[in-house]
Amino acid sequence: MTDRPRLHRDDVLRAALGLLNEVGIDALTTRRLAERLGVQSPTLYWHFESRAALLDAMSAAVMLESRARLSPDPQEPWQDWLMADGLTFRRALLAYRDGARLHAGTRPGKTQHEPIEARLRMLQAAGFTAGDATTLLISMGRFVVGWVLEEQSIQQPEALAAAEMPDATRYPLLAAGFAETVGGDPDALFERALRLLVDGAQARLR
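Residues numbered from 1 in each chain as written. Predicted model: local features only at pLDDT ≥ 70, side-chain atom pairs only at ≥ 80, totals over all residues. Heavy atoms only, no water.

**Looking at the packing of helix α5 (residues 78-94) against helix α11 (residues 186-205)**
And step 1. Where α5 meets α11, the closest approach of the two axes is 10 Å, and the angle between their N-to-C directions is 145°. As α5 packs across α11, the resulting crossing turns out to be right-handed. Residues Trp 78, Gln 79, Leu 82, Met 83, Gly 86, Leu 87 and Arg 90 of α5 form the contact with α11, whose own contacting residues are Pro 186, Asp 187, Phe 190, Glu 191, Leu 194, Arg 195, Val 198, Ala 201, Gln 202 and Leu 205.
And step 2. Of the residues assigned to the contact of α5 with α11, the class counts are ten nonpolar, three polar and four charged. (Axes fitted to C-alpha atoms, helices over the stretch in contact; angles between N-to-C directions. Helix = DSSP H or I, 4+ residues; strand = E, 2+ residues; numbered from the N terminus. Left-handed = near helix turned anticlockwise from the far one by under 90°. Contact = heavy atoms within 4.5 Å. Nonpolar A, V, L, I, M, F, W, Y, C, P; charged D, E, K, R; others polar.)

Structural data, given as structure tokens:
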């Protein structure tokens, strides 16, 4: 009988991310993952002590896959870097089914401390205090996760595009706002909203 190849941590992560896309986060269990890999459930605990630990590792893997610009270029304007990072973060979450739910509630691990420190140095050099810089990074992250959570929670996207428009006579501002946002290009709308957040941070420096 041929020995089964040893199961590596990365093998588990790749299989888990593939299963996530197929069944969603609620149906992703260690038992189901073990069946996918052809092993017994206890085997997975050599690599991840719990389902929560597995989900945290999956979230980190998604970020490493899609967020190549972990540390900013010191010569790059902080506004440009934050915009690019926010756009990339959204794409990373959208790349997987329930990507926002997977990431929500996670906290940076030790391997992420140096990249975060580099971002804080960039913002401090621009004039932010350490506290404001940290608040800005947290706000950006939660904004993107919340935005994508809404995007991925819409069961019928066409329903949003077909939403009943408000009466322009009675609600002129709401009608004008709907006309510019609801049913439009979701990428352009996200970038516009992200720019408001970055511009607000810049205004604070003044």
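**Describing the nonpolar core**
And step 1. In terms of nonpolar packing, the biggest core is built from 48 residues, with Leu 33, Leu 54, Met 58, Trp 78, Leu 82 and Leu 123 touching the most fellow members.
And step 2. Listing elements by their share of this core, those giving two or more residues are α1 (9-23), α2 (30-37), α4 (51-66), α5, α6 (99-103), α7 (113-126), α8 (130-153) and α11.
And step 3. Of the residues forming this core, the biggest block, eight residues, is contributed by α1.
And step 4. Beyond its immediate stretch of four places on either side in the chain, Trp 78 contacts Met 122, Leu 123, Ala 126, Phe 128, Leu 136, Val 198, Ala 201, Gln 202 and Leu 205. (Core = buried A, V, L, I, M, F, W, Y, C linked by side-chain atoms within 4.5 Å. Buried < 20%, exposed > 50% of the residue type's maximum accessible area, 1.4 Å probe, protein only.)

**Quick word on empty space enclosed by the protein**
Take a probe with the size of a water molecule and roll it over the atoms, and the empty space left behind shows itself.
And step 1. A full pass over the atoms with the stated rule returns two cavities of 30 Å³ or more.
And step 2. Its volume calculated, the largest cavity comes out at about 40 Å³.
And step 3. A per-class count over the lining of the largest cavity returns six nonpolar, two polar and no charged. (1 Å grid on protein atoms, 1.4 Å probe; cavity = no way out; pocket = protein on both sides within 12 Å on 5 of 7 lines; lining within 4 Å. Points joined across faces, edges and corners; volume = space filled by probe spheres on them.)

**Here's the deal with the layout of surface pockets**
And step 1. Put simply, the largest pocket is a space of about 1200 Å³.
And step 2. Along the walls of the largest pocket sit 39 residues, with His 103, Arg 107, Pro 108, Gln 112 and Ile 116 positioned nearest its centre.
And step 3. Residue assignment for the lining of the largest pocket shows that the elements contributing at least two residues are α1, α4, α5, α7 and α8.
And step 4. Among the elements that take part in the lining of the largest pocket, α4 stands out by supplying eight residues, more than any other.
And step 5. Residue composition of the lining of the largest pocket, by class: 20 nonpolar, eleven polar and eight charged.

**Regarding the environment of Leu 137**
And step 1. Turning to its location among the elements, Leu 137 is positioned in helix α8.
And step 2. With 104 residues separating them along the chain, Leu 137 and Leu 33 place their C-alpha atoms 34 Å apart.
And step 3. Apart from the residues within four sequence positions on either side, Leu 137 is in contact with Leu 82, Ile 116, Arg 119, Leu 120 and Leu 123.

**Section: the packing of α5 against α8**
When two helices pack together, their arrangement is given by the angle between the helix axes and by the axis-to-axis distance.
And step 1. Where α5 contacts α8, the axes come no closer than 10 Å and their chain directions differ by 35°. The way α5 lies across α8 gives a crossing that is right-handed. Across the interface between the two elements, Trp 78, Leu 82, Gly 86, Phe 89, Arg 90, Leu 93 and Leu 94 from α5 touch Leu 136, Leu 137, Met 140, Gly 141, Val 144, Val 145, Trp 147, Val 148, Glu 151 and Gln 152 from α8.
And step 2. Grouping the amino acids of the contact of α5 with α8 by side-chain chemistry returns twelve nonpolar, three polar and two charged.

**Details of unusual backbone geometry**
Among all residues except glycine, the phi angle is most often negative; among peptide bonds, the trans geometry is most common.
And step 1. At Asp 98, a residue that is not glycine, the phi angle is positive and equals roughly 60°.
And step 2. Mapped onto the fold, Asp 98 is located in the loop between α5 and α6.
And step 3. Of the residues examined, Asp 98 reaches a relative accessible area of 16% and is grouped as buried.

**Points about the packing of aromatic side chains**
And step 1. Applying the stated criterion across every chain, the model contains four aromatic pairs.
And step 2. Both rings, one in Trp 78 and one in Phe 128, keep their centres 5.1 Å apart while their planes meet at 90°; by these two values the pair is edge-to-face. Pair noted here: Trp 78 is in helix α5 and Phe 128 is in the loop between α7 and α8, with a separation of 50 residues, a long-range link.
And step 3. Note on Trp 78: relative accessible area 8%, which makes it buried.
And step 4. Overall, Phe 128 belongs to the buried group, its relative accessible area being 4%.
And step 5. Relative to Phe 190, the ring of Phe 143 has its centre 5.9 Å away and its plane inclined at 20°; by these criteria the two rings are stacked. Pair noted here: Phe 143 is in helix α8 and Phe 190 is in helix α11, with a separation of 47 residues, a long-range link.
And step 6. Judged by its relative accessible area of 23%, Phe 143 is partly exposed.
And step 7. Take Phe 190: its relative accessible area is 0%, and that puts it in the buried class. (Phe/Tyr/Trp six-rings, centres within 6.5 Å; stacked < 30°, edge-to-face > 60°.)

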